[in-house]
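In case you want the letters, here they are:
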Amino acid sequence: MPLTKAYMQLSDAALCWLETILLERYGYPFVLKWDGDRIRMTLSGASGEICFDTLQSVFSKPNSDFSCGFWDGTAENWQMASEEFLPTPAVTEPPVPLIRKIDAGYVVHYDILGLTYWMLSRQEEVGRTDLDKHGRFPAIASNAYRNGYLGRPIVDEWLNLLGQVIQRQWPALELKRHRFSMKVSHYVDVPSRYGFDGTYRLLRGMAGDLLKRRDWRNMYFRVTSRVNTRSRLYPADPVNSFNWIMDISEQHELTSAFYFISGRTNPRMDATYEIEYPSIRRLMRDVHARGHEIGLHPSYNTYRNPVKIVAEADRLRRVCGEEGILQHEWGGRMHYLRWKHPVTLRGWEAAGMTYDSTLGYADRPGFRCGTCFEYPAFDPVECKALKLRIRPLVAMECSIIGEHYMNSSLGQGARQEFLRLKAACRAVDGCFTLLWHNSQLCSAEKRKLYLDVLSQ
Ligand SMILES: [Zn+2]
């Protein structure tokens, strides 16, 4: 095999990691092997193979500039997860037929494995410089957004199809079945509107209420909130929606994950609380006692600094330990979804965290990794599989209703967008991962929207 060919960059380590992805998806240890310029997929003890003979070099590069076509699978008698044609990134006009029966088994003329590698490893994002003002790789720069498939879990749709090919080749196999699920999580960015304000901030706010806004009630609220946020969060504070969130999750048989900021690397962007505060410790005890989850929300400037992610994770686990909070799993998500690939990933791995759930875009909801299934992380620069698991984020409430992003109103448009994404996850029996800030549940309208998204 000539080494100059770009497809060689899908290393043995990458193939081995892809075998794990297939094992988790189908429940069988399929073997992937190079054979010249194709990859053969076989199963020990079973005859025949599925061969991928049209591999794409772009899937081993940090690049979004390539075209995408669409394939009508139903015309070739395959069942498709979506009524719309299946996107074929890197191939403008997919060959017909795309999948052919041969003596040895089946041959697939589309690089499903390459696409899976490229999307899941986030190879696309390595070393990118077209970032937004928070240093994030934005949805609008991605191949998925530019080609109109960000709203679809295309890796899952392709793996669904591959599952059908497997089933035709080896009909006796009972492939693993997955069930649709939903995971809700909440950043604890602002657990109290004014309760943790320092004296200067408090006085400045009061002066503003009095002189600029002429809002006596708010000035009074500032003071009572501050006085009443000591051993616990002030019950009358509208951002203190934690009990309501847990009530609703329990009614829907869901576990809520609350991610706490455990450090300060930018005083302007990070939280005003410390996790050692009695009221925060009490909140964490309440969350744990009710069977919900506590997780990490690394502060604003940690995304380039694995050492700081480790320190903040250690601090959270130490405080939880002091409160008698033991968890089997520790996960979380980056503050502002800041992510430098793969440096941030390495920070989570070094911190010994079970999962990270940052990988969704802030500027658009959808499927940044092309999947709504959790999977083991892969470092595309060091070319190695990690222990850390990636739990992709599908929708953050402010990506849909926030004024900086899509700015849908709280009405039908937003509701439909959330439910469309949820339905896309359901169609592939995946997991709809939703992020909703505790501070974004202050109005009856927002609470109703949240309830609708959970219950429908
Ligand atoms: Zn945050």
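In the block above lies the structure referred to throughout.
Criteria and cut-off values
Residues numbered from 1 in each chain as written. Predicted model: local features only at pLDDT ≥ 70, side-chain atom pairs only at ≥ 80, totals over all residues. Heavy atoms only, no water. Donors = N, O, S within 2.8 Å, 3.2 Å for Na, K, Ca; no water. Tetrahedral: all angles 85-135°; square planar, octahedral: opposite > 155°, others 65-115°. Helix = DSSP H or I, 4+ residues; strand = E, 2+ residues; numbered from the N terminus. Buried < 20%, exposed > 50% of the residue type's maximum accessible area, 1.4 Å probe, protein only. Axes fitted to C-alpha atoms, helices over the stretch in contact; angles between N-to-C directions. Left-handed = near helix turned anticlockwise from the far one by under 90°. Contact = heavy atoms within 4.5 Å. Nonpolar A, V, L, I, M, F, W, Y, C, P; charged D, E, K, R; others polar. Patch = residues over 30% accessible without salt bridge, like charges linked within 9 Å, V, L, I, M, F, W, Y side chains within 5 Å. Areas by Shrake-Rupley, 256 points an atom, 1.4 Å probe, with all protein chains shown as cover. Salt bridge = Lys/Arg side-chain N within 4 Å of Asp/Glu carboxyl O.

(A) Representation of the coordination of the zinc ion within the structure. Taken together, the protein ligands of the zinc ion are Asp189 (OD), Asp189 (OD), His297 (NE2) and His335 (ND1), with distances of 2.1 to 2.5 Å. Geometry at the zinc ion is irregular, judged from the four donor atoms that bind it and their angles of 54 to 126° at the metal. Mapped onto the sequence, the donors of the zinc ion take the spacing D-x107-H-x37-H. With His297 in the loop between β10 (293–296) and α9 (306–322) and His335 in the loop between β11 (331–332) and α10 (343–350), the pair connects residues that are 38 residues apart, well separated along the chain. Take His297 and His335: they sit in the same class, and that class is buried.

(B) Broad picture of the packing of α9 against α10. Between α9 and α10, the shortest axis-to-axis distance is 8 Å and the interhelical angle comes to 35°. Here α9 runs over α10; the crossing is right-handed. Between α9 and α10, the residues in contact are Pro306, Ile309 and Val310 and Val343, Thr344, Arg346, Gly347, Trp348 and Ala350, respectively. Of the residues that constitute the contact of α9 with α10, the class distribution is six nonpolar, two polar and one charged.

(C) Fine view of a nonpolar patch on the surface. A contiguous nonpolar patch, built from Leu210, Leu211 and Trp216 and spanning about 360 Å² of accessible area, is present on the exposed surface. Note on placement: Leu210 falls in helix α5 (residues 199–212). According to the relative accessible area criterion, Leu210 is partly exposed, its value standing at 32%.

(D) Highlighting unusual backbone geometry. In this structure, the amide linkage connecting Val96 to the following residue, Pro97, adopts the cis form with an omega of -5°. Among the secondary structure elements, Pro97 is positioned in the loop between β5 (86–89) and β6 (99–102). The peptide bond linking His341 to Pro342 adopts the cis configuration, its omega dihedral lying at 0°. The residue Cys383 is not glycine, and still its phi comes out positive at about 55°. Structurally, Cys383 can be placed in the loop between β13 (375–379) and β14 (384–390).

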